[in-house]
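Survey of secondary and tertiary structure
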Amino acid sequence: MSDPVRLSQRPDWGYMLREFQELYRRRSSGGSKPIGAHMRAVREAIGKVLTDDPQVALRTPETKPVVAHLHRAIDNGRGQVTASVVRTMEHLAPELSWQYGYEKVPKGLSARYAYAEFAGPAGPVVTERVILGVVLFGPRCTYPAHAHDGLTESYITLSGSVSENDAGVFAPGSLIFNPPGRMHRITTADHEPSLLAYAWHGPADILAGQKMVFSRPRRAGAEKDI
């Protein structure tokens, strides 16, 4: 049996992690102590992953319908403050496995959404310290309300623009912060895709076992599932 491939042997993946680390170093916390603490925790976790030199276990490359918008999203990101992240991701694109992450995807969402992970308990860079990846939304996408129990989540817009909970528009370079358990819903522009980096940080056992379920529409007298 051959020895496992380590991160130091796959420099493009190492560069991707360093780009994420710089994303969380260069962005402003806007004076928010919780956001600043999260950004610092993500940077430190990535630093430890790089020191660990973990296994790189590539998944079988897989595509989804929304990936037809990826070239446009990358082109739109070339002139943004996040351009170096977008270019590094482009080099890895042929190796990415795009997923849905939910057992049941709402009607219409399967053509407008998918994500690809870079690091986490399931790989490709195998670690229990943090989960990192990108999510691609097509035009006119509504990503239904959902939450992450026990995990702190952030998005950084790489190209395009999105709104979360109808509470502002997040252009390239913007950071969206979701503390554990916060319900959030994302919408995208009518004519352009949006590409976002994301980070999940929390206890290793919760990172390894995280499962998400979209909230169900509330019926009279019924409780809402998360």
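All figures in this text were calculated on a predicted structure; none of them were measured in a lab.

**Some thoughts on the overall build of the protein chain**
- Within the protein chain, the secondary structure is distributed over five helices and 10 strands.
- In terms of C-alpha radius of gyration, the protein chain reaches 17 Å, essentially the compact-globule figure of 17 Å for 226 residues.
- Projected onto the principal axes, the alpha-carbon positions of the protein chain cover approximately 55 × 40 × 35 Å.
- Counting across all 226 residues of the protein chain, residues that qualify as buried make up 48%.
- Contacts in the protein chain between residues at least 24 apart in sequence constitute 72% of all its contacts with a sequence separation of at least 6.
- Accessible area for the protein chain stands at about 11,000 Å²; split by element, carbon and sulfur atoms hold 49% of it.
- Treating the 27 positive side-chain charges of the protein chain as one cloud and the 23 negative ones as another, the clouds have centres 4 Å apart.

**Structural notes on the nonpolar core**
- Counting 42 residues, the largest nonpolar core has Leu17, Tyr24, Trp98 and Leu132 as its most contacted members.
- Tallying contributions element by element places helix H2 (residues 33-52) first for this core, with seven residues.
- Among the nonpolar cores identified, the runner-up in size contains 20 residues, and Val135, Tyr155, Ile186 and Leu207 belong to it.

**Topic: the sheet that holds strand E4 (residues 142-146)**
- Read from one edge to the other, the open sheet built from four strands follows the order E4-E9-E6-E7, with strand pairing classed as antiparallel. Two strands in the sheet have a free side with no partner beyond their single neighbour: E4 and strand E7 (169-170).

**Structural notes on the confidence of the model for the protein chain**
- Residues of the protein chain with pLDDT of at least 70 account for 92%, and the chain-wide mean is 90.
- Note that residues 216-226 has pLDDT below 50 and, in this model, nine contacts with residues that lie over four places away or in other chains.

**Focus on helix H1 (residues 11-26)**
- With 16 residues, H1 extends 22 Å from end C-alpha to end C-alpha; this agrees with the ideal 22 Å at 1.5 Å per step.
- Those residues of H1 not exposed but buried are Trp13, Gly14, Met16, Leu17, Glu19, Phe20, Gln21, Leu23 and Tyr24.

**So, the packing of helix H3 (residues 70-77) against helix H4 (residues 83-92)**
- Where H3 contacts H4, the two axes come as close as 9 Å, and the packing angle between them is 145°. Taken as a pair, H3 and H4 cross one another with a handedness that is left-handed. Of H4, the residues touching H3 (which contributes Leu70, Ile74 and Gly77) are Ala83, Val86, Met89 and Glu90.
- Split into classes, the residues belonging to the contact of H3 with H4 amount to five nonpolar, one polar and one charged.

The rules we used
- Residues numbered from 1 in each chain as written.
- Predicted model: local features only at pLDDT ≥ 70, side-chain atom pairs only at ≥ 80, totals over all residues.
- Heavy atoms only, no water.
- Helix = DSSP H or I, 4+ residues; strand = E, 2+ residues; numbered from the N terminus.
- Rg over C-alpha atoms; globule rule 2.2 N^0.38 Å.
- Buried < 20%, exposed > 50% of the residue type's maximum accessible area, 1.4 Å probe, protein only.
- Contact = heavy atoms within 4.5 Å.
- Areas by Shrake-Rupley, 256 points an atom, 1.4 Å probe, with all protein chains shown as cover.
- Lys, Arg positive; Asp, Glu negative; His and termini not counted.
- Charge placed at Lys NZ, Arg CZ, Asp CG, Glu CD.
- Core = buried A, V, L, I, M, F, W, Y, C linked by side-chain atoms within 4.5 Å.
- Pairing = 2+ DSSP bridges.
- pLDDT = per-residue confidence, 0-100.
- Expected span 1.5 Å × (residues − 1).
- Axes fitted to C-alpha atoms, helices over the stretch in contact; angles between N-to-C directions.
- Left-handed = near helix turned anticlockwise from the far one by under 90°.
- Nonpolar A, V, L, I, M, F, W, Y, C, P; charged D, E, K, R; others polar.

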